[in-house]
Amino acid sequence: AAGHWQIVKKADDGRFRYGRVEPIPLDVTPKRILQIAKRAAAAIGDGLYGVDLKQVDHRVVVTEVNDNPNIDAGCEDAVIGDRLYFEVMDWFRQRLDARGLGGAANGIPDGR
């Protein structure tokens, strides 16, 4: 639709234009925003999801829930750096351990 916002838009000349994204630390994210994102992800399942939110004035809407989210260097990791990757790997290891598939038992280090 004409005039709508999107993260990446390809122009007729082949160049890409990127929309503004603002990563913010979870500890300063308003609880209402986290609740909206968690509720949207929970509607899909209990996996790793990317939830895109858009705020206009005081209204927050879910624009997309991604079941195969991007985790882009310089964007999603802008706030906590490499710790993001260790936390995601640790989350997967814990899920494998809970299934008895031996993440820790097979020498996968704890990222903390």
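Refer to the structure above for everything that follows.
Worth saying up front: this structure is predicted, and the values here are computed from it rather than measured.

Caption draft 1: The arrangement of the side chain of Thr29 in detail. For Thr29, the position within the fold is in the loop between β2 (16-18) and α1 (31-42). One polar contact links the side chain of Thr29 to the main-chain carbonyl oxygen of Pro25, over a distance of 2.8 Å. Here Thr29 is in contact with Ile24 and Leu34, once residues within four sequence places are set aside.

Caption draft 2: Spatial organisation of the packing of aromatic side chains. Within this structure, the stated rule accounts for one aromatic pair. Centre to centre, the rings of Trp91 and Phe92 are 4.9 Å apart; their planes meet at 75°, and the pair counts as edge-to-face.

Caption draft 3: Spatial organisation of α1. The terminal C-alpha atoms of α1 lie 16 Å apart, and with 12 residues this matches the ideal 16 Å at 1.5 Å per residue to within 8%. What α1 keeps buried is the set Ile33, Ala37, Ala40 and Ala41. Down the axis of α1, the sector holding all buried residues measures 100°, keeping them to one side. Facing away from the buried side of α1 by over 90 degrees, the exposed positions are Lys31, Gln35, Lys38, Arg39 and Ala42. Buried residues belonging to α1 abut β3 (50-56) and β4 (59-66).

Cut-off values and rules
- Residues numbered from 1 in each chain as written.
- Predicted model: local features only at pLDDT ≥ 70, side-chain atom pairs only at ≥ 80, totals over all residues.
- Heavy atoms only, no water.
- Helix = DSSP H or I, 4+ residues; strand = E, 2+ residues; numbered from the N terminus.
- Polar contact = N/O pair within 3.5 Å; in protein donor to acceptor, adjacent residues only side chain to side chain.
- Contact = heavy atoms within 4.5 Å.
- Phe/Tyr/Trp six-rings, centres within 6.5 Å; stacked < 30°, edge-to-face > 60°.
- Expected span 1.5 Å × (residues − 1).
- Buried < 20%, exposed > 50% of the residue type's maximum accessible area, 1.4 Å probe, protein only.
- Arc of directions from axis to C-beta.

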